[in-house]
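Chain residues, written in single-letter form:
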Amino acid sequence: MNLPNMIEAKKRDKKEFNVYNYKNEECVLKNKKYFIRTYGCQMNEHDTEKIKGILELNGFSEVFDVKLADVVILNTCAIRENAHNKVFGFLGQLKHLKESKKDLLIGVGGCMPQEENVANEIKDKYKYIDFVFGTHNIDNIIGIINECVLNNRQNIEVYSKYGDVCEGFPFKRDNGITAYVDIILGCNKFCTYCIVPYTRGAQRSRSKESIIREVQMLKEQGYKEVTLLGQNVNAYGKDIYDNYTLANLLKDVSGTGIERIRFVTSHPWDFIDDMIEVIALMPNVMPYVHLPVQSGSNKILKLMGRRYTKENYIELYNKIRSKIENVSVTTDIIVGFPGETEEDFNETISLVNQCKFDGAFTFAYSPRENTPASIMENQVEETVKFERLNKLNEVVNRYSNENNSKYLDKVVKVLVLGQSEKGNDKLMGYTENMKLVNFIGDKSLIGEIVDVKITDAKSFSMDGILLN
Ligand code: SAH
Ligand code: SF4
Ligand code: F3S
């Protein structure tokens, strides 16, 4: 058993990290069915693709009805309290299921067990959870399951460490059209509200060679789009190269000829002019930037440890808007951070009024274990947080709608990802600048890039008619 430790998780000591290749271990379970549920960000979704790939390499097959499963895995997120609540809610249901199905194995992985409190709580109170793993040892999931089965007891293996990089995972990606590719793991920013630097370890870039090779391979397999992933992709390369940045990487990935390249998430702090140039110049680097601002008040930005001012942000934002044709920009905003007054909140609203974002993910501040903000003075009352959240959402949605309305009667290029939730005869896909479009079309178009004329615009999607 190994339990996490928040002090260890915080250490950043310029240590070199190891890069090693995935090595398969034979599973003692044979021909079993697994069910997996994923919470959280794209990095977690991508980690789930690793877990699925490893399980299927070992003869497991996926089921989508939890009652049919022999092994259930929850890949969890710790970013806010409600992410926790969802997981513990589902675990309650699984406990019942296990009462009637004694052999069922339940596993919990991802960011939540990286928290000391959670791992200890599982050890002391959730005996029916069979195995627990963190974000640093996904590649060892078979070893962890084996030990749990052979010893017939709960197995908790969670490490708080700087972190290594495992290459060569046997991914099982959900579709053959668009793929996630990790470029930088972990985070060194330590924004005062955020748990991620503790749950994901230090910032570690993958080598440019392995990233380019992976994109090349995806292109050969027929993928049309890659999304380069990191908690802060703009820091790419800083830890392993003297002079090779995300701008260089985008240029090289662009050289593979894959049709669409995206990247998330960008921290405004590391966003250099070269990046803007590359996005503007390279036809296959998509004109879409997710640029979290978090707050429009300099006082709050400082308390958050974001290392930029509202003025810095707006300057960068305007540069991106003016230099990249047809770009769309989305953001993340937290309301109710400790010390946020009505005045600070109004500054956030005024920043939104100024930037007119294409979209924004908005959150009520949620105190996280061991983070500096959780013990700051002047915590904001929950009711106030949610009042502010509602007010903010109204403003944000108005601009999303306004921005989308600009596309009425225009023709956009849509990469068709699948059938739409809006009806059986409808397809859905994304424009170059990441707008969701629904339109009537034949399933044979899935995976193609098609021209669609926009006929209706809403806050979160657009409708159109197929032209070719
Ligand atoms: N690495 C990204 C963000 C990853 S987390 C970045 O720095 O831009 C995604 C979003 O969750 C954050 O941008 C922030 O808006 C929100 N978030 C993070 N911690 C939070 C907390 N404790 N309470 C509320 N929202 C939080
Ligand atoms: Fe969290 Fe800040 Fe790192 Fe983003 S940059 S993951 S908000 S600590
Ligand atoms: Fe959640 Fe971990 Fe992602 S905390 S947002 S799953 S990095």
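These figures come from a predicted structure and were not determined experimentally.

Undergrad: Which residues make up the site of ligand 3, and what values go with them?
TA: The environment of ligand 3 is formed by Cys41, Asn44, Cys77, Ala78, Ile79, Cys111, Val196, Arg200 and Gln231. Split by residue class, the shell around ligand 3 holds six nonpolar, two polar and one charged.

Undergrad: Break down the site of ligand 2 for me, with residues and values.
TA: Around ligand 2, the surrounding shell consists of Cys187, Lys189, Phe190, Cys191, Tyr193, Cys194, Val196, Pro197, Gln231, His267 and Arg306. A per-class count over the shell around ligand 2 returns seven nonpolar, two polar and two charged.

Undergrad: Requested: an account of the nonpolar core, with residues and values cited.
TA: Grouped together as the largest cluster of nonpolar side chains are 67 residues, with contacts concentrated most on Phe263 and Ile320. The residues contacting Ile320, other than those within four sequence positions of it, are Phe271, Ile276, Val289, Leu291, Val327 and Val329. One finds Phe35, Ala78, Cys111 and Tyr128 within the second-largest nonpolar core, a separate group that totals 33 residues.

Undergrad: Hey, could you go over the layout of surface pockets for me, with residue numbers and the actual values?
TA: Volume-wise, the second largest pocket comes out at about 550 Å³. Its residues assigned to classes, the lining of the second largest pocket comprises nine nonpolar, seven polar and 13 charged.

Undergrad: Now, about the packing of aromatic side chains: what can you tell me, with residues and values included?
TA: Inspection of the entire model under this criterion finds 16 aromatic pairs. Consider the rings of Phe88 and Tyr126, whose centres lie 5.1 Å apart with planes at 40 degrees: the pair is tilted. Residue Phe88 is located in helix α3 (residues 81-100), and its partner Tyr126 is located in the loop between α4 (116-125) and β6 (131-133); the two are separated by 38 residues in the primary sequence. Residue Phe88 shares its accessibility class with Tyr126, and that shared class is buried. Judged by centre distance (5.3 Å) and plane angle (65 degrees), the ring pair of Tyr241 and Tyr244 falls under edge-to-face. Overall, the relative accessible area of 10% leaves Tyr244 in the buried class. Through successive ring pairs, a cluster of aromatic residues spans Tyr308, Tyr313, Tyr317 and Phe357.

Definitions and limits used
- Residues numbered from 1 in each chain as written.
- Chains lettered and ligands numbered in written order.
- Predicted model: local features only at pLDDT ≥ 70, side-chain atom pairs only at ≥ 80, totals over all residues.
- Heavy atoms only, no water.
- Near = heavy atom within 4 Å.
- Nonpolar A, V, L, I, M, F, W, Y, C, P; charged D, E, K, R; others polar.
- Core = buried A, V, L, I, M, F, W, Y, C linked by side-chain atoms within 4.5 Å.
- Buried < 20%, exposed > 50% of the residue type's maximum accessible area, 1.4 Å probe, protein only.
- Contact = heavy atoms within 4.5 Å.
- 1 Å grid on protein atoms, 1.4 Å probe; cavity = no way out; pocket = protein on both sides within 12 Å on 5 of 7 lines; lining within 4 Å.
- Points joined across faces, edges and corners; volume = space filled by probe spheres on them.
- Phe/Tyr/Trp six-rings, centres within 6.5 Å; stacked < 30°, edge-to-face > 60°.
- Helix = DSSP H or I, 4+ residues; strand = E, 2+ residues; numbered from the N terminus.

Geometric values such as these leave the question of function open.
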